[in-house]
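The lines below spell out each chain.
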Amino acid sequence: MANKRVLKKAIHGVCDELFAEAVALMHYGEKGQKENAKAQLYAIAKMEDECIRRVSHPEPGMKANAYFKDLREKFAAQLSDIVDQMNG
């Protein structure tokens, strides 16, 4: 398991890139895409905050490897949902 700082930095980097894509879509996309992008900006910020918070305060009683594996899987699932919504 990588240390928490590296994991937080990776989460922040991915969310930062996705946020930039949503802003570009909001400014240069079509009318329907602009409204969708505004909603996605909020979803991205909320997802990043939630994941960083989960890294900082792991669930007690759960093994670290299982906890962080679950965190990565849920992050990837949320990320793919947001990307699909932005593309659709």
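In case you missed it, the structure is sitting above this.
Structure report, in brief. (Residues numbered from 1 in each chain as written. Predicted model: local features only at pLDDT ≥ 70, side-chain atom pairs only at ≥ 80, totals over all residues. Heavy atoms only, no water.)

This brings us to helix α1 (residues 4-28). Helix length check: α1, at 25 residues, gives a terminal C-alpha distance of 36 Å against a target of 36 Å (1.5 Å per residue), a fit within 8%. The set of residues buried in α1 consists of L7, I11, C15, L18, A22 and L25. The elements touched by buried residues of α1 are α2 (31-56) and α3 (64-87). (Helix = DSSP H or I, 4+ residues; strand = E, 2+ residues; numbered from the N terminus. Expected span 1.5 Å × (residues − 1). Buried < 20%, exposed > 50% of the residue type's maximum accessible area, 1.4 Å probe, protein only. Contact = heavy atoms within 4.5 Å.)

An α-helix turns once every 3.6 residues. As a result, residues three or four positions apart point the same way. With 24 residues, α3 extends 34 Å between its outermost C-alpha atoms, agreeing within 8% with the 34 Å of an ideal straight helix rising 1.5 Å per residue. Y67, F68, L71, F75, L79, I82 and M86 are the residues of α3 that are buried. Buried residues belonging to α3 abut α1 and α2.

We describe a pair of aromatic rings using the distance from one ring centre to the other and the angle between the two ring planes. Counted according to the given criterion, the structure contains one aromatic pair. Seen from their ring centres, Y67 and F68 are 5.2 Å apart, and the 80 degrees between their planes marks the pair as edge-to-face. Just as Y67 is buried, F68 falls in that class too. (Phe/Tyr/Trp six-rings, centres within 6.5 Å; stacked < 30°, edge-to-face > 60°.)

On to the nonpolar core, then. Ranked by internal contacts, the top residues of the largest apolar core, which has 19 residues, are I11, M47 and F75. Elements with a minimum of two residues in this core: α1, α2 and α3. Considering every element that reaches this core, the biggest residue donor is α3, with seven residues. Apart from residues no more than four positions distant in its own chain, M47 is found in contact with C15, F75, Q78, L79 and I82. (Core = buried A, V, L, I, M, F, W, Y, C linked by side-chain atoms within 4.5 Å.)

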